[in-house]
Structure formats: structure tokens, C-alpha cells
Amino acid sequence: MEMYQHPSAYPAHNSLKFRKQIEAFRETIHAEIHPMQMLVFLEVINNPPMTVSVSYINDLLVITQAAASRHCRALTERYSPSRDGYGLCTWIQCPKDFRSKYLQLTEKGLLVAEKLRANFQK
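These numbers come from a predicted model, not from an experiment.

## Side note on unusual backbone geometry
Leave glycine aside and you will find that most residues have negative phi; peptide bonds, for their part, are mostly trans. Although it is not a glycine, Met50 sits at a positive phi angle of roughly 65°. Following the sequence through the fold, Met50 ends up in the loop between helix 2 (35-46) and helix 3 (54-61). In this structure Met50 comes out as partly exposed when scored by relative accessible area, which is 32%. At Val62, a position not held by glycine, the phi torsion is positive, near 50°. Within the element layout of this structure, Val62 appears in the loop between helix 3 and helix 4 (65-74).

In C-alpha cells:
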């Protein structure tokens, strides 16, 4: 039987590293970017094209369809008719199913991904 380890038994450097990664996102993208939007962006970066959709995020992060849609939209040019998004991704239609769309990195998204890469490889 494996013994329970109190969370303080985990290395403190992991927490510090995580905080630095969040700070890097906020310095590079926006001071108030939501951690779920950070996760969506990382999924777009780390998956093949035509993979990350609202349904994919909904299933992966176990959040509502509305929340998944909101976090995905925040990464595009227009979050809503009255509010800009971050412009890191754009929607592309699936050629086989016109109802499906996927997030794809924009030029700005590619540049941000390169800037952030250094913080995630330390």
C-alpha cells in the first residue's frame, strides 16, 4: 500500500515554474488572460491542424460547451461584436463537414508561441 504524501512534499520549484509560465503568458499576451485560455492556446500549439475545436476543448477540460466556446473565441480576432479577442488564432472550416471549425494559429499566434517556448523549456 502506497503512503499518502502531503502536498507540501511536492517540489516547490514546480509551483514556481508554473507561476513563471503564467506570468510569461500575461506579459506576452494580456495581463488578464484566463488560465483556461492559456490551456486552449497550448492545445492549439501542441496538436496537429484540424484538431482543436470547441467540442475538443469541452471534452478535454470538462467544461460546458458555452465556456469552451467563450475560451476559444477569446483567442480569435473578435471575442464578441463589441470586444476584441487576442488575435492568436483564427477559425478554419472543416472541408468535409461545414458545421465543424477548428482553431489555427495566426502569424501573431506563431510569434507568441515562439516567445513562450523559452519559458516552457526551462
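So much for the structure itself; the text now carries on.
## Points about the environment of Glu114
Note that Glu114 resides in helix 5 (residues 107-120). Taking the relative accessible area as the measure of exposure, Glu114 reaches 48% and is therefore partly exposed. Distance in space between the C-alpha atoms of Glu114 and Ile45 is 10.0 Å, their sequence separation being 69 residues.

## A few points about the side chain of Asn58
Relative to the helices and strands, Asn58 resides in helix 3. If we skip the residues at most four places from it in the chain, Asn58 touches Ile63, Thr64, Gln65 and Ala68.

Cut-off values and rules
- Residues numbered from 1 in each chain as written.
- Predicted model: local features only at pLDDT ≥ 70, side-chain atom pairs only at ≥ 80, totals over all residues.
- Heavy atoms only, no water.
- Helix = DSSP H or I, 4+ residues; strand = E, 2+ residues; numbered from the N terminus.
- Buried < 20%, exposed > 50% of the residue type's maximum accessible area, 1.4 Å probe, protein only.
- Contact = heavy atoms within 4.5 Å.

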